[in-house]
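# Structure assessment
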Amino acid sequence: MTDSNLKKSNKRTLVGFVVSDKNDKTIVVRVETLVKHPLLKKYIRRRKKFMAHDPKNECSVGDKVQIIEHRPLSARKRWHLLKIIEKAV
């Protein structure tokens with residue numbers, strides 16, 4: 001995937017942290033979003049995990065990554081690794 005192809009597409013991109021890399025060519029990414037509570041008007045942190053395709057097995061636990069929507073690759077894998085923003089120490 002090149003950058004020119006990605007700018008034209010209207011696929012969702014998410015940023016999160018890798019929580020598992022035990023599967024071959026697959027990472028599990030935890031994404032946090034802030035949602036305003038309708039009654040209390042406080043912001044609540046919502047967390048969701050996504051399975052993403054990592055073809056080169058270059059991610060490790062703790063990395064901050066960006067993932068993009070992709071066609072279904074397996075029963076639960078519908079995301080693809082776009083880039084590693086920050087490597088874990």
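A brief structural summary. (Residues numbered from 1 in each chain as written. Predicted model: local features only at pLDDT ≥ 70, side-chain atom pairs only at ≥ 80, totals over all residues. Heavy atoms only, no water.)

## Examining the overall build of the protein chain
What the protein chain contains, in helices and strands, is one helix and five strands. When its helices and strands are written in sequence order, the protein chain yields α-β-β-β-β-β. In terms of overall dimensions, the protein chain has a C-alpha envelope of 45 × 35 × 30 Å along the principal axes. Within the protein chain, buried positions represent 28% of all 89 residues. Contacts in the protein chain between residues at least 24 apart in sequence constitute 51% of all its contacts with a sequence separation of at least 6. (Helix = DSSP H or I, 4+ residues; strand = E, 2+ residues; numbered from the N terminus. Buried < 20%, exposed > 50% of the residue type's maximum accessible area, 1.4 Å probe, protein only. Contact = heavy atoms within 4.5 Å.)

## Quick word on the environment of Val65
Residue position: Val65 is located in strand β4 (residues 64–69). Given a relative accessible area of 0%, Val65 falls into the buried group. Look past the residues within four positions of Val65 in its chain and what remains in contact with it is Leu14, Val15, Gly16, Val18, Val29, Cys59, Leu81, Lys83, Ile84 and Ile85.

## A few points about the pattern of salt bridges
Scanning the model with the defined rule gives five salt bridges in all. The partner of Arg47 in a salt bridge is Glu32, with the nearest N and O atoms 2.7 Å apart. Of this pair, Arg47 sits in strand β3 (residues 43–53) while Glu32 sits in strand β2 (residues 26–36), and the two are 15 residues apart along the sequence. Ionic pairing is found between Lys87 and Asp63, a salt bridge with its closest N-O pair at 3.3 Å. Of this pair, Lys87 sits in the segment after β5 (77–86) while Asp63 sits in the loop between β3 and β4, and the two are 24 residues apart along the sequence. In this structure Lys87 comes out as partly exposed when scored by relative accessible area, which is 47%. Look at Asp63 and you get buried, because its relative accessible area is 0%. The network of salt bridges with shared partners includes Arg30, Glu32, Arg45 and Arg47. (Salt bridge = Lys/Arg side-chain N within 4 Å of Asp/Glu carboxyl O.)

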